[in-house]
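Residues per chain, in single letters:
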Amino acid sequence: MTASTLVSQLTGRARAAAHARTTACPCGTDATLADRADGTVVRHEETVAKAHAPGTDPRELALRLSLAARLPDTLLAPAEPAPVALHGRLVTFWPYGSPVDPDDPDAAPWEAAGDLLARLHRTPVEGTGLPPMRGPLKAARAVARLRRAGPHPAAGTVLRAWDALPGWARAEAPAPGTTTLCHGDLHLGQLVRHPAPDGRWLLIDVDDLGTGVPAWDLARPAAWYACGLLTPGEWDRFLTAYRAAEGPAVPAAGDPWPALDVPARALTVQTAAQAIVKAAADGRPLDEVEEMVLAACGRMGPVPTDPCEPAQDFAT
């Protein structure tokens, strides 16, 4: 089946799901929101249909959908309780929510992101049946793709930073310490504002939802801050909101970096590995942002092994 055929049939499923819930659908908006190997997402008016990646575990996806339905103040609840099959892919249905505006960085909802993460992390794990979140595994897969891509002048810097990480951050060992519910792939694209009931921000994309080290969910903003891609003010807004909501990933006061150091390094390496592979495939040099991420990998010293030894961030 071609990609265009999948999009067309998925849009038809979204249209049918929308019409099953209301006869007042104006049928004016069809759009492809994403079309990648890890998921194809389309919209028909106020209904979104997502074809999950091939090989998605149906039991794990069902557990994640169930949790989203139980946490409507934190996660966008699915429009349908169970996935359906489409050409070997599992398809889920969701209400449409307005995404973060990429052209208005000053309006980025950093406070909402921090608050929502803290709520998720405080949710009891018992009874969810969820597997480990896939954050470390996704980082490991990005590095594996870099190794397979062949020689690149920047690859050595990234691989040295990766090899210095502890096994749990490379998906080679269980996560240490207390685990919580985790989103597993937090970035601003994972927030939408849903019009009902009160227009609040909610987290979306349950594919990586699971149990793990809660600091992983703070790692991408922390990595952006360390790379110089997030201003100190934006980082402070996010961290302050997370702490105000009693998020358990970092201490309530003081230096958060000892808890964030390893996950932030892993996310930086993952981002750099993905950038190198993409740039090589496009036949172009790394752009300015990608060079900043690569430079952050180069600033990474050895990971402290003594818990009494302070972590040293790699911020610019």
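The structure under discussion appears in the preceding block.
Quick caveat, the model's predicted, so the values are computed rather than measured.

Caption draft 1: Expanded view of the pairing of strand E2 (residues 39-44). Most of E2 is tucked away, with six of its six residues classed as buried. Of the strand pairs in this sheet, strand E1 (residues 30-36) and E2 are connected by six bridges, and their pairing is antiparallel. Counted as the bridge partner of alanine 34 is valine 41 from E2. Once E1 ends, the chain turns through two residues before running back antiparallel as E2. The pairing of E2 with strand E3 (residues 47-52) spans six bridges and is classified as antiparallel. Bridge pairing in E3 places threonine 40 opposite alanine 51.

Caption draft 2: Region of the structure containing the packing of helix H6 (residues 215-227) against helix H7 (residues 232-244). Look at H6 against H7: their axes get within 10 Å of each other, and the N-to-C directions meet at 155 degrees. Taken together, the axis directions place H6 and H7 in an arrangement best described as roughly antiparallel. Here H6 and H7 pass one another in a crossing that is left-handed. Contacts from Leu218, Pro221, Ala222 and Tyr225 in H6 reach Pro232, Trp235, Phe238, Leu239 and Tyr242 in H7. Partitioned by chemical class, the residues of the contact of H6 with H7 number nine nonpolar, no polar and no charged.

Caption draft 3: Quick peek at the sheet that holds strand E8 (residues 191-193). Pairing is antiparallel in the open sheet, where three strands are placed in the order E6-E8-E9. Looking at strand neighbours, the two that pair on one side only are strand E6 (98-99) and strand E9 (201-203), the edges of this open sheet. One ladder, built from three bridges, connects E8 with E9; its direction is antiparallel. Opposite arginine 193, over in E9, you have tryptophan 201 as the bridge partner. In this fold helix H3 (residues 110-122) packs onto E8 and E9, with an angle of close to 50 degrees to the strand it touches most, E9.

Caption draft 4: Representation of the sheet that holds strand E4 (residues 84-86). Across the sheet, five strands lie side by side as E1-E2-E3-E5-E4; this open sheet has antiparallel pairing. The sheet is open, and its two borders are formed by E1 and E4, each paired with just one other strand. Here the average twist between neighbouring strands, direction ignored, is 25 degrees. Both E3 and strand E5 (residues 89-95) contribute to a ladder of five bridges, which runs antiparallel. Across the sheet, the residue bridging to alanine 49 is phenylalanine 93, located in E5. Here helix H1 (residues 3-21) sits on the sheet in contact with E1, E2, E3, E4 and E5, set at roughly 45 degrees to E2. With respect to the sheet, helix H2 (residues 58-70) is in contact with E3 and E5, its orientation differing from that of E5 by roughly 10 degrees.

Quick notes on the rules
Residues numbered from 1 in each chain as written. Predicted model: local features only at pLDDT ≥ 70, side-chain atom pairs only at ≥ 80, totals over all residues. Heavy atoms only, no water. Buried < 20%, exposed > 50% of the residue type's maximum accessible area, 1.4 Å probe, protein only. Helix = DSSP H or I, 4+ residues; strand = E, 2+ residues; numbered from the N terminus. Pairing = 2+ DSSP bridges. Axes fitted to C-alpha atoms, helices over the stretch in contact; angles between N-to-C directions. Parallel < 35°, antiparallel > 145°, perpendicular 65-115°, else oblique. Left-handed = near helix turned anticlockwise from the far one by under 90°. Contact = heavy atoms within 4.5 Å. Nonpolar A, V, L, I, M, F, W, Y, C, P; charged D, E, K, R; others polar.

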